[in-house]
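For reference, the chains in residue letters:
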Amino acid sequence: MTQGERVKEIRKSLEMTMEQFGNKLGVTKVAISNIEKEKRNLTEQMSRAICREFNVSEEWLKTGDGEMYQRLSEDEEIAGIVSDLLEEGKDNAFYSVILEIVKTYSELSPASQKVLTEAAEKLADNLAKKKRD
């Protein structure tokens, strides 16, 4: 499988059009089409952008060896979700909610922040126990 075919496989696995895929990378659908059809080589810069934006393994994209996607830690996965929500901006309802949560937390006293943190940890423990049962 060629690099162009692997780019197409990534795009298809994400169920994205060439235009959607290109928009995420800051290029046109024509640029993506040319890469997929091997009319243009996949540049190092574009390769890095694809790997960073879509969490693709560089080794897989270059050679086809290994897994297509890199495994993320739970913290990395959550950070990505929050980042995506915030990138969508103020038109997104979650943006306002997240912003208000952060602002409210920052206004609490250190003692109140500690109590809230302990409550969140207890909730997480209870959810984990429930999941195991």
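Rules and cut-offs
- Within each chain, residues carry numbers counting from 1 in the order of the written sequence.
- Note on the predicted model: pLDDT of at least 70 is required for a residue's local features to be given, and 80 or more for side-chain atom pairs to be given and counted; whole-chain, interface and lining totals, by contrast, use all residues.
- Working from all heavy atoms in the structure, the side-chain values ignore hydrogens and water.
- A run of DSSP states H or I qualifies as a helix once it reaches four residues; a run of E qualifies as a strand once it reaches two. Both are numbered from the N-terminal end.
- Our radius of gyration is a C-alpha quantity, and the globule rule it is checked against amounts to 2.2 Å times the number of residues to the power 0.38.
- Contacts between residues were defined by any pair of non-hydrogen atoms, one from each residue, lying within 4.5 Å.
- Lys and Arg are tallied as positive, Asp and Glu as negative. Neither His nor the chain termini are counted.
- To locate a charge, take NZ of a lysine, CZ of an arginine, CG of an aspartate or CD of a glutamate.
- The buried label applies to any residue whose accessible area, calculated with a 1.4 Å probe on protein chains only, is under 20% of its type's maximum; exposed applies above 50%, and partly exposed to all values in between.
- The directions from the helix axis to the C-beta atoms form the arc being described.
- The nonpolar core is taken to be a set of buried Ala, Val, Leu, Ile, Met, Phe, Trp, Tyr and Cys residues, with the residues joined through side-chain atoms within 4.5 Å.
- Only protein atoms enter the 1 Å grid, on which a cavity is a set of points fitting a 1.4 Å probe that cannot get out and a pocket is an open set with protein on both sides within 12 Å along at least 5 of 7 lines, lining residues being those with an atom within 4 Å of a point.
- Grid points are joined across faces, edges and corners, and a volume is the space filled by probe spheres set on the points.
- Only Asp, Glu, Lys and Arg are considered charged, only Ala, Val, Leu, Ile, Met, Phe, Trp, Tyr, Cys and Pro nonpolar, and every remaining residue, Gly among them, polar.

**Student:** Sorry, what's going on with the overall build of the chain here?
**Tutor:** A tally of regular secondary structure across the chain gives 8 helices and 0 strands. Taken from the N to the C terminus, the helices and strands of the chain come in the order α-α-α-α-α-α-α-α. The globule rule puts the C-alpha radius of gyration for 133 residues at 14 Å, and the 20 Å found for the chain is more than 25% above it. Seen through its principal axes, the chain has C-alpha atoms that stretch 60 × 35 × 25 Å. When contacts within the chain are restricted to residue pairs at least 6 apart in sequence, those whose partners lie at least 24 apart make up 41%. Computed over 21 positive and 26 negative side-chain charges, the inter-centroid distance for the chain is 3 Å.

**Student:** Please clarify how helix H1 (residues 3-13) should be interpreted in this entry.
**Tutor:** Every α-helical turn comprises 3.6 residues, leaving residues that sit three or four positions apart pointing alike. Within H1 the residues assigned to the buried category are Gly-4, Arg-6, Val-7, Ile-10 and Arg-11. Burial along H1 is one-sided: seen end-on, the buried residues are contained in an arc of 160°. After H1 finishes, the residue Glu-15 shows a positive phi value of roughly 55°.

**Student:** How do you make sense of the nonpolar core when you look at a structure like this?
**Tutor:** It is characteristic of soluble globular proteins that their nonpolar side chains tend to be buried jointly. Of all hydrophobic cores here, the largest spans 17 residues; its most connected members are Ile-10, Phe-21, Leu-25, Ile-50, Phe-54, Val-56 and Leu-61. Those elements giving two or more residues to this core turn out to be H1, helix H2 (18-25), helix H3 (29-36), helix H4 (44-54) and helix H5 (58-63). When residues of this core are assigned to their parent elements, the largest contribution, 5 residues, is made by H4. With residues up to four places along the chain from it excluded, the contact list for Val-56 reads Ile-10, Ile-50, Cys-51, Leu-61, Met-68, Tyr-69 and Gln-70.

**Student:** Is there a simple way to explain unusual backbone geometry in this structure?
**Tutor:** Glycine aside, a negative phi is what most residues show, and trans is what most peptide bonds show. With a phi angle near 55°, Glu-15 is a residue other than glycine that sits in the positive phi range. Relative to the helices and strands, Glu-15 resides in the loop between H1 and H2. Positive phi, normally seen in glycine, also occurs at Asn-55, with a value near 60°. By the element assignment, Asn-55 lies in the loop between H4 and H5.

**Student:** Sorry, what's going on with the layout of surface pockets here?
**Tutor:** Computed from the structure, the largest pocket encloses a volume of approximately 460 Å³. In this structure, the largest pocket is lined by 16 residues; those nearest its centre are Arg-52, Glu-53, Phe-54, Gly-80 and Asp-84. Listing elements by their share of the lining of the largest pocket, those giving two or more residues are H4 and helix H6 (74-87). A per-class count over the lining of the largest pocket returns 6 nonpolar, 3 polar and 7 charged.

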